[in-house]
Amino acid sequence: MNITIKDGLSKDVQTGQTVGDALSALGISLGTDILAARVNGTVMDLSRPLSEDATIEPLRFDSPEGREVYRHSSTHLMAQAVKELFPTAQLTIGPALEDSFYYDFAYDRPFTPEDLASIEERAREIAKRRLPIARREFSKQDAIEFFRARGEKYKVELIEGFPDGEPISAYTQGDFVDLCRGPHLPSTGHIGAFKLLTTAGAYWRGDERNPMLQRIYGTSFPTKTELDAHLARLEEIKRRDHRKVGKDLDLISVQDEIGPGLVLWHPKGAAIRLQIENFWREQHIKGGYELVYSPHVARLDLWKTSGHLDYYRENMFASMKLEGSEYQLKPMNCPYHIMIYKSHLRSYRDLPIRYGELGTVYRYERTGVLHGLLRVRGFTQDDAHLFCRPDQIETEVSRVLDFTFFILQTFGFTDFEVFLSTRPKESVGADEHWTLATSALEAAIKSRNIAYRMDPGGGAFYGPKIDIKIKDALGRSWQCSTIQVDFNNPERFELSYIGEDGKAHQPIMIHRALMGSIERFFGILIEHYGGAFPAWLAPVQATVLNITDNQRDYAAAVTAQLKSAGFRAEADIRNEKIGFKIREAEKAKVPFMLVAGDREVQGGTVSVRGRSGANLGSMTVVQVLDLLRAETARVRQDS
RNA sequence: GCUGGCGUAGCUCAAUCGGCAGAGCAGCGGUUUUGUAAACCGCAGGUUGGAGGUUCGAUUCCUCUCGCCAGCUCCA
């Protein structure tokens, strides 16, 4: 049979040769860097025999498939170590993740950090044994008997759920056997640097009614250098944690006495928020939105009409009774905007109508999901609702897409992933509405030449949507923006406009949020910048530092000039050494430090120091104002 | 909500076996008048998250509770 290496040689080899043999025959030396191979499109073990002509592509750690095989074998390595040390632990499942892996074990107690250390040590030792990893296939019945005999109840349960008639594969390394689709590395010796990270509880099959399993997370890399780099990145993530930075920089707090998931914005955090909101309002007014305000509570009936009581009740705070009627704290802003729309008779000439609001909502989130600023119970959405005719959907959505990218880019995000979510199983509305709206969304995305992915069935129950994820400075993805078409609410609230034909028609509603929640977006911003905000956002843009008491008045005068020019400036005229004041300003991540000693007073200047040490030289106050004006301009100029 | 871990001064963390609750930083007072990431001396700072229990005695052991953390589940 004929074997071709992708982008390489071609040769006839005997039937029955393995993938690895074929690679060797074609001059590719099988070091530990070759992990598996793609054979006619399917990822396979190097030990699999070949039975037909094939194109083979060797897979190394630099490919996503290679990494997956590597992590998958790593989790088997860990599982083998666990079985050797804790023979009564039962195997369940153990997949590879993005850059790590886990394995869930059924065991009568959680694994301790000490257990983890000994498991890790044992795993390294097993790697050194260089055990060959072999695939074997069973019939379904044989597989059930085999794993039953080994006492692996969970494996038996898994196999019982598999389709009949198809062979079932397992992988063996030494005495260890695991039910597994594969593929795997040729041997345990291929695993270089290996580290266990944490333990956690996890339900069998992710269902909280099922028994709790003991999950162990770990990661692995070919070399210690790569592992160390990965661990350093995890440290960096921890170092930038918005909860820590938010506290250190005195931006926000969440306090016991206030309640979980309820955020206090301290002056410095509020200063940043104010910049965000000012920018947002300014741009929305320019962008053809009308800004509105709505109250935090409304009669419960409003939420009955909107359907929230039926579909969203478990996420709502309990209602309160006042003067014989019930009132509800708002979980969303849409009903209010709808009622503003309904306050007049609308003409087709009025559409589209765009109402925007930084609307604070309250949602009852289960305690276990609360997380710093990223998941809270009270938050402000940068919400807007567009009311338009069906033929306007595409144009409106295109506008929103452009607007979203403009806003997000201004905050320093340049990497986006776009998802188009279609009709879910549980949903309302006529098919033609869904088709129309989905194709309008798709057309809007295409009109902007944006790469996107489908999320089939991922839409809201009332309509399809576009979600936009941003990538932060550490390469992590966050979903912030969402654009959702809604046919349900116009119907529920009986919205109408008078068309050209003089008859009433139902408008389409588009819900959209760009930052999502200000709290969440702020948390992401903190981590994106590691607390070192660009000058336009920094709570303090410049600090004037005097060297001795001689320059106190001068420092105060310079500060006053900066302030009256509209900059957020402070003077640090404490009786402290300049090194100490610089250190404090650095820790506070102030973009510009303006040092004033006798020399500067003489020349009417300040010595300008940038954040993290840059010496920008001596400047007059006028020059400093120019510098600040340039540096506090937003990343992208207003359109 | 579930499993596990953790709550000690404003912050970061100590306190042996159940035996007087401590340090650094921050704060305050003083000395120092300083040139680009930490001057020196002193003072003060606590219902050890809360409630109950065991004990002669609880930061330490037990029960409950609140909160935080990791993960699971959930997620407009």
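What comes next is a walk through the structure. No experiment lies behind these values; they were computed from the predicted model shown.

Rules used in this analysis
Residues numbered from 1 in each chain as written. Chains lettered and ligands numbered in written order. Predicted model: local features only at pLDDT ≥ 70, side-chain atom pairs only at ≥ 80, totals over all residues. Heavy atoms only, no water. Buried < 20%, exposed > 50% of the residue type's maximum accessible area, 1.4 Å probe, protein only. Helix = DSSP H or I, 4+ residues; strand = E, 2+ residues; numbered from the N terminus. Pairing = 2+ DSSP bridges. Expected span 1.5 Å × (residues − 1). Axes fitted to C-alpha atoms, helices over the stretch in contact; angles between N-to-C directions. Parallel < 35°, antiparallel > 145°, perpendicular 65-115°, else oblique. Left-handed = near helix turned anticlockwise from the far one by under 90°. Contact = heavy atoms within 4.5 Å. Near = heavy atom within 4 Å. Polar contact = N/O pair within 3.5 Å; in protein donor to acceptor, adjacent residues only side chain to side chain. Nonpolar A, V, L, I, M, F, W, Y, C, P; charged D, E, K, R; others polar. Core = buried A, V, L, I, M, F, W, Y, C linked by side-chain atoms within 4.5 Å.

In terms of burial, strand β27 (residues 508–517) is a largely internal element, 10 of the 10 residues being buried. Pairing of strand β20 (residues 378–388) with β27, which is carried by seven bridges, proceeds in the antiparallel orientation. When the bridges of β27 are listed, alanine 384 appears paired with arginine 512. With five bridges joining them, strand β24 (residues 477–486) and β27 adopt antiparallel strand pairing. The partner of threonine 482 across the bridge, within β27, is alanine 513.

What follows concerns helix α8 (residues 267–286). The end-to-end C-alpha separation of α8 is 28 Å, in line with the 28 Å expected for 20 residues at 1.5 Å each. Among all positions of α8, only Gly269, Ala271, Ile272, Arg273, Gln275, Ile276, Glu277, Phe279, Trp280, Gln283 and His284 are buried. Looking one or two residues beyond α8, the residue adopting positive phi is glycine 288, at roughly 85°.

Turning to unusual backbone geometry, a few remarks are in order. With an omega dihedral of -5°, the bond running from leucine 351 to proline 352 counts as a cis peptide bond. Positive phi outside glycine occurs at serine 612, with the angle close to 55°. Residue serine 612 is classed as exposed on the basis of its relative accessible area, which comes to 67%.

With that settled, consider the packing of helix α12 (residues 393–410) against helix α13 (residues 431–447). Packing of α12 against α13 brings their axes to within 8 Å, and their N-to-C directions diverge by 45°. Classified by the interaxial angle, the pair formed by α12 and α13 is oblique. The two elements α12 and α13 cross, and the hand of that crossing is right-handed. Between α12 and α13, the contacting residues are Ile393, Glu394, Val397, Ser398 and Leu401 on the first element and Leu436, Ala437, Ala440, Leu441, Ala443, Ala444, Ile445 and Ser447 on the second.

Near RNA strand B, the surroundings consist of 41 residues, among which Tyr203, Arg363, Thr367, Asn575 and Ser607 are the closest. Each atom of RNA strand B within 4 Å of the protein was assigned to sugar, phosphate or base; sugar and phosphate come to 50%. Between RNA strand B and glycine 368, the relevant distance is 3.4 Å, taken from a base nitrogen to a main-chain nitrogen or oxygen of the residue. Elements that contribute at least two residues to the surface near RNA strand B include exactly β11 (193–203), β12 (212–221), α7 (242–248), α17 (578–587), α18 (598–603) and β31 (605–610). With six residues, α17 is the largest single contributor of residues to the surface near RNA strand B. The class makeup of the residues in the surface near RNA strand B is 14 nonpolar, 10 polar and 17 charged.

Before going further, it helps to examine the sheet that holds strand β18 (residues 325–329). By definition, the strands of a sheet pair up through backbone hydrogen bonds, in either a parallel or an antiparallel sense. Pairing is antiparallel in the open sheet, where three strands are placed in the order β16-β18-β17. Strand pairing shows two members of the sheet lacking a second neighbour, β16 (297–299) and β17 (320–322), which therefore form its edges. Within this sheet the neighbouring strands show an average axis-to-axis angle of 40°, counted without direction.

So, on to the side chain of glutamine 381. Inspection of the secondary structure assignment puts glutamine 381 in strand β20. Excluding residues within four positions of it along the chain, glutamine 381 makes contact with Asn333, Glu357, Leu358, Gly359, Val361, Arg363, Gly516 and Ser517.

Counting residues in hydrophobic clusters, the biggest one holds 62 residues, and the most contacted among them are Leu401, Phe411, Ile466 and Phe522. Looking at this core element by element, the count peaks at nine residues for α12. The residues contacting isoleucine 466, other than those within four sequence positions of it, are Val397, Leu401, Val418, Phe419, Leu420, Leu441, Ile445, Ser481, Thr482 and Ile483. In terms of nonpolar packing, the next biggest core, distinct from the first, is built from 36 residues, Tyr107, Phe111, Ile126 and Phe194 among them.

Another point: the packing of α8 against α12. The geometry of α8 relative to α12 is characterised by a closest axis approach of 12 Å and an angle of 155° between their N-to-C directions. The angle between the axes of α8 and α12 places the two elements in the roughly antiparallel class. In this structure, α8 meets α12 at a crossing whose hand is right-handed. In this structure, α8 uses Phe279, Gln283 and His284 to contact α12, whose residues at the interface are Phe403, Phe406, Ile407 and Thr410.

Structurally, the position occupied by arginine 181 is in the loop between β10 (176–179) and β11. Take arginine 181: its relative accessible area is 74%, and that puts it in the exposed class. Look past the residues within four positions of arginine 181 in its chain and what remains in contact with it is Arg135, Ser169 and Tyr171.

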